[in-house]
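Now for the letters of each chain:
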Amino acid sequence: MKKNLFIAFEGIDGSGKSTQVKLLTVRLEEAGHKVYATFEPTGSPMGRIIRDMFNHRMEGDHRTIAALFVADRLHHLLESSTGMLRKLEEGYTVITDRYYFSSYAYHGVHVDIDWVIQANSLSAGLLRPDLNIFIDISPEVSMERLKKSREAIEMYETYDNLNKVRAKYLEAFEQLKEVERICVVEGDRSPEAIAGEVWETVRRYDAT
Ligand code: ADP
């Protein structure tokens, strides 16, 4: 690849993001790239509070959670040794499992989406993904996968909510299509088929 890219995977819960982050990491490393794979919410104290709120260990209003994500994301970008900006400077291709479109979609269901976009504008100003890869699955498929793979269902993981979140993703993509590079990948296929399309998309982007 000509330069080290920043790639964000997006999708509703169970869409296969973390599976695809791993598969893309392997392909990039095989092609000789240094890869830093990461995720949000992060492992920072702010990320831990967010997880406690998701798991109902701690009370958390949707507005509070939306604001915590803003701070956690800035930390994810700016932390001096493992922050994404530092990793890009060091020549890593950075792949994140969720970035600001997750906030637009998940918080946009509860809070005015324009507020969410504005609240994340510092992050967008610091670093826009070269590619936002949205793995699209229906809420039905998501719920089936989550029932199989999770011990407990978290705050956002109901059919009704995931349906709304998916719609908010599509709304946000439409709203921001002039400034963001968005690629929608059909997710109800084998992990290998999805990974093949993702790899082609990354290579095509790199050739432009
Ligand atoms: P996410 O990170 O988007 O929540 P995961 O990659 O953790 O999704 O996948 C959720 C569950 O679905 C896991 O049990 C995973 O093994 C399974 N899974 C991932 N991709 C696929 C796929 N393409 N088809 C079927 N099951 C999948």
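Nothing here was measured: the structure is a model prediction, and the numbers come from that model.

Q: Which residues make up the overall build of the protein, and what are the values?
A: If you tally the helices and strands in the protein, you get ten helices and five strands. For a compact globule of 208 residues, the expected C-alpha radius of gyration is about 17 Å, and the protein comes in at 16 Å, within 12% of that figure. Across the 208 residues of the protein, 50% fall into the buried class. Taking the contacts inside the protein whose residues are at least 6 apart along the sequence as the reference set, 77% of them involve residues at least 24 apart. Surface accessibility of the protein: about 10000 Å² in total, with carbon and sulfur atoms responsible for 51%. Each charge class in the protein can be summarised by its mean position, and for the 27 positive and 33 negative side chains these summaries are 3 Å apart.

Q: Can you break down the pairing of strand β1 (residues 6-10) residue by residue, with the values?
A: Burial within β1 is extensive, with five of its five residues counted as buried. Every second residue of β1 is oriented toward a common face, with F6, A8 and E10 on one face and I7 and F9 on the other, all of them buried. One ladder, built from four bridges, connects β1 with strand β3 (residues 93-97); its direction is parallel. Looking at the pairing, F9 lines up with D97 of β3.

Q: Which residues make up the site of the ligand, and what values go with them?
A: Around the ligand, a shell composed of 16 residues is seen, among which G14, K17, S18, T19 and R189 lie nearest. Contacts to the ligand include S18, whose backbone N or O atom sits 3.0 Å from an oxygen atom. Here a nitrogen atom of the ligand and a backbone polar atom of R189 are 2.7 Å apart. Contact with the protein chains covers 70% of the free accessible surface of the ligand, which is 560 Å². When residues of the shell around the ligand are assigned to their parent elements, the largest contribution, three residues, is made by helix α1 (residues 17-30).

So, how was this worked out
- Residues numbered from 1 in each chain as written.
- Predicted model: local features only at pLDDT ≥ 70, side-chain atom pairs only at ≥ 80, totals over all residues.
- Heavy atoms only, no water.
- Helix = DSSP H or I, 4+ residues; strand = E, 2+ residues; numbered from the N terminus.
- Rg over C-alpha atoms; globule rule 2.2 N^0.38 Å.
- Buried < 20%, exposed > 50% of the residue type's maximum accessible area, 1.4 Å probe, protein only.
- Contact = heavy atoms within 4.5 Å.
- Areas by Shrake-Rupley, 256 points an atom, 1.4 Å probe, with all protein chains shown as cover.
- Lys, Arg positive; Asp, Glu negative; His and termini not counted.
- Charge placed at Lys NZ, Arg CZ, Asp CG, Glu CD.
- Pairing = 2+ DSSP bridges.
- Near = heavy atom within 4 Å.
- Polar contact = N/O pair within 3.5 Å; in protein donor to acceptor, adjacent residues only side chain to side chain.

Shape descriptors only; they carry no functional weight alone.
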